[in-house]
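Next come the chains, spelled out residue by residue.
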Amino acid sequence: MGGGATRLYSILTPTLSGRSPLPLPPDHLGPCQPVDANLDPVFCQEQNGSPLCPPDPADLLRQCKEALRDRPPRIHRKFTYLNDENSAPSSPIRVMQWNILAQALGEGLDGFVQCPMEALSWSRRKYLLLEEILTYRPHILCLQEVDHYYDTFQPVLAGLGYSSNFCPKPWSPCLDVEGNNGPDGCALFFDQSRFEFLDSVSIRLSAMRIPTNQVAVVTMLRCRGTGRCLCVAVTHLKARSGWEWLRSAQGTDLLRHLQNLVQKHPTEPMGAPNTDIPLLVCGDFNAVPTEEVYRRFATSTLGLDSAYKKLSQDGLTEPEYTTWKIRPTGECCTTLDYIWYSQDSLRVDTVLDMPTEEQIGPNRLPSFSYPSDHLSLVCDLSFKEE
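Residues numbered from 1 in each chain as written. Predicted model: local features only at pLDDT ≥ 70, side-chain atom pairs only at ≥ 80, totals over all residues. Heavy atoms only, no water.

Our next topic: the packing of aromatic side chains. Across all of its chains, the model carries 16 aromatic pairs by this definition. Centroid distance Trp98 to Tyr370: 5.9 Å. Interplanar angle 55 degrees. Geometry classified as tilted. On the criterion of sequence distance, the pair formed by Trp98 in strand β4 (residues 93-99) and Tyr370 in the loop between α8 (357-360) and β17 (377-383) is long-range, its members being 272 residues apart. Assessed through its relative accessible area of 0%, Trp98 is described here as buried. Tyr370 gets classed as buried once you look at its relative accessible area, which sits at 3%. Aromatic pair Tyr338 and Trp340: ring centres 6.0 Å apart, planes at 40 degrees, arrangement tilted. An identical accessibility class is assigned to Tyr338 and Trp340; each is buried. Pairwise contacts between aromatic rings join Phe285, Tyr294, Phe297, Tyr338 and Trp340 into one cluster. Between the NZ or CZ atom of Lys238 and the centre of the ring of Trp243, over which it lies, the distance is 5.0 Å. (Phe/Tyr/Trp six-rings, centres within 6.5 Å; stacked < 30°, edge-to-face > 60°. Helix = DSSP H or I, 4+ residues; strand = E, 2+ residues; numbered from the N terminus. Buried < 20%, exposed > 50% of the residue type's maximum accessible area, 1.4 Å probe, protein only. Lys NZ or Arg CZ within 6 Å of the ring centre and 35° of its normal.)

Here it is as structure tokens:
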């Protein structure tokens, strides 16, 4: 990878080069506290007696690109602007939703038959993943299949001012892969300069009151600029065909939890009435738009809409694909990932478009130029006037 890779990770944190997972928190499926970058300043270590300052995001991005200088051209995507300039907000909230592909699954179980093993190596993928995040610099970042939270994503993003919560799956398939880095799960990051942390909970999703292997992280935030509260959830529902009923049950359980949280959370001053709180729900639902779980979210009393429908001409149709891969069972090109938002209190201002088939290439995803089999979803939202 050359000197760029060495410089980048020596600046970040010494744990990034290791493969051994750190121990999980003892109670990872109950109420959780955010990881506060101020309490664990991994970027303020001393080197030769001099403290290291927190890295500049633009400089880190340049170093990622330097480390990846031998890769094919990066997939370039453009934002679609949905409102005229006069009505555009001065400081929208940027949200990124992304299934980043668990390292253990990519190397061990997923069987991407057209993707060279070298392209799946962590030594390359970690730079591609960080490059994608640093390119768009979201205020809210929702990730699935995270199996390098403790040794990579938490310390790196904490150094850039993000606080976060992580919930691993109870029985992660990553643990079945030799040399794994621990269980994969869902992670939710937010920019501390933009949001104040209020509360967070990790939820093990149930189906007909029976706990399942899928989880969600729900975090309550307050926007520092507007004082408005926002409830953000990230989830990853059961994969594979034949499990549509289970995804529907898991989605119903998550909606029930969210209904209780946004209507009952004590965010208002003492004695003031508690009003409903705007919602963002990001995730890999493993469900096409014709599935029951999609219909349940679209018709929920929470008033949710899907941000990526805004890319279609009629505003009613999801993209043709958010994932495109080739496995031994054949080619899979479909939409499984969504950003749901409260349409009565939030407005979508911009949406990052989907790359073309030509940009993705004949061998599909992942590849030397893109680190996951799922495409990132990015949009800018703003609060509507109360």
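Take the layout of surface pockets next. There is about 780 Å³ of room inside the largest pocket. Every residue lining the largest pocket is counted, 32 residues in all, and those nearest its centre are Asp110, Ala239, Arg240, Asn286 and Arg327. With four residues, strand β14 (residues 330-334) is the single largest residue contributor to the lining of the largest pocket. Its residues assigned to classes, the lining of the largest pocket shows nine nonpolar, 10 polar and 13 charged. (1 Å grid on protein atoms, 1.4 Å probe; cavity = no way out; pocket = protein on both sides within 12 Å on 5 of 7 lines; lining within 4 Å. Points joined across faces, edges and corners; volume = space filled by probe spheres on them. Nonpolar A, V, L, I, M, F, W, Y, C, P; charged D, E, K, R; others polar.)

The next point concerns the packing of helix α4 (residues 122-136) against helix α5 (residues 149-159). Interhelical geometry of α4 versus α5 gives an angle of 35 degrees and a closest axis separation of 12 Å. Seen from above, α4 lies across α5 with right-handed handedness. For the pair α4 and α5, contact is made by Trp122, Leu129, Leu130 and Ile133 and by Thr152, Phe153, Val156 and Leu157, respectively. Broken down by class, the residue content of the contact of α4 with α5 amounts to seven nonpolar, one polar and no charged. (Axes fitted to C-alpha atoms, helices over the stretch in contact; angles between N-to-C directions. Left-handed = near helix turned anticlockwise from the far one by under 90°. Contact = heavy atoms within 4.5 Å.)

Okay, the side chain of Glu318 next. Note on placement: Glu318 falls in the loop between β12 (304-306) and β13 (323-327). Of note is the side chain of Glu318, whose polar atom sits 2.7 Å from the side chain of Tyr294. A polar contact is formed between the side chain of Glu318 and the side chain of Ser306, at a distance of 2.6 Å. Beyond its immediate chain neighbours, meaning those up to four positions away, Glu318 contacts Pro289, Tyr294, Ser306, Tyr308, Lys309, Thr335 and Tyr338. (Polar contact = N/O pair within 3.5 Å; in protein donor to acceptor, adjacent residues only side chain to side chain.)

This paragraph deals with the sheet that holds strand β10 (residues 229-236). Taken in spatial order, the six strands of this open sheet run β8-β9-β10-β11-β15-β12, and their pairing is mixed. The open sheet terminates on both sides in strands that have one partner only, identified here as β8 (195-207) and β12. For this sheet, the mean inter-axis angle between neighbouring strands, taken without regard to orientation, is 20 degrees. Here three bridges tie β12 to strand β15 (residues 337-342), and the two strands are oriented antiparallel to one another. The partner of Ser306 across the bridge, within β15, is Trp340. (Pairing = 2+ DSSP bridges.)

Attention now moves to the sheet that holds strand β16 (residues 346-352). One open sheet holds the seven strands; their spatial order is β3-β16-β17-β4-β5-β7-β6, and the pairing between them is mixed. Each edge of the open sheet carries a strand with a single partner, namely β3 (79-81) and β6 (162-168). Direction aside, neighbouring strands of the sheet carry axes that sit 25 degrees apart on average. The pairing of strand β5 (residues 140-146) with strand β7 (residues 185-191) spans five bridges and is classified as antiparallel. From the neighbouring strand, Leu141 faces β7, where its bridge partner is Phe189. Running over the sheet, α4 touches β3, β4, β5, β16 and β17 and is turned about 160 degrees from β4. Sitting on the sheet, α5 is in contact with β5, β6 and β7, with an inclination near 160 degrees to β6.

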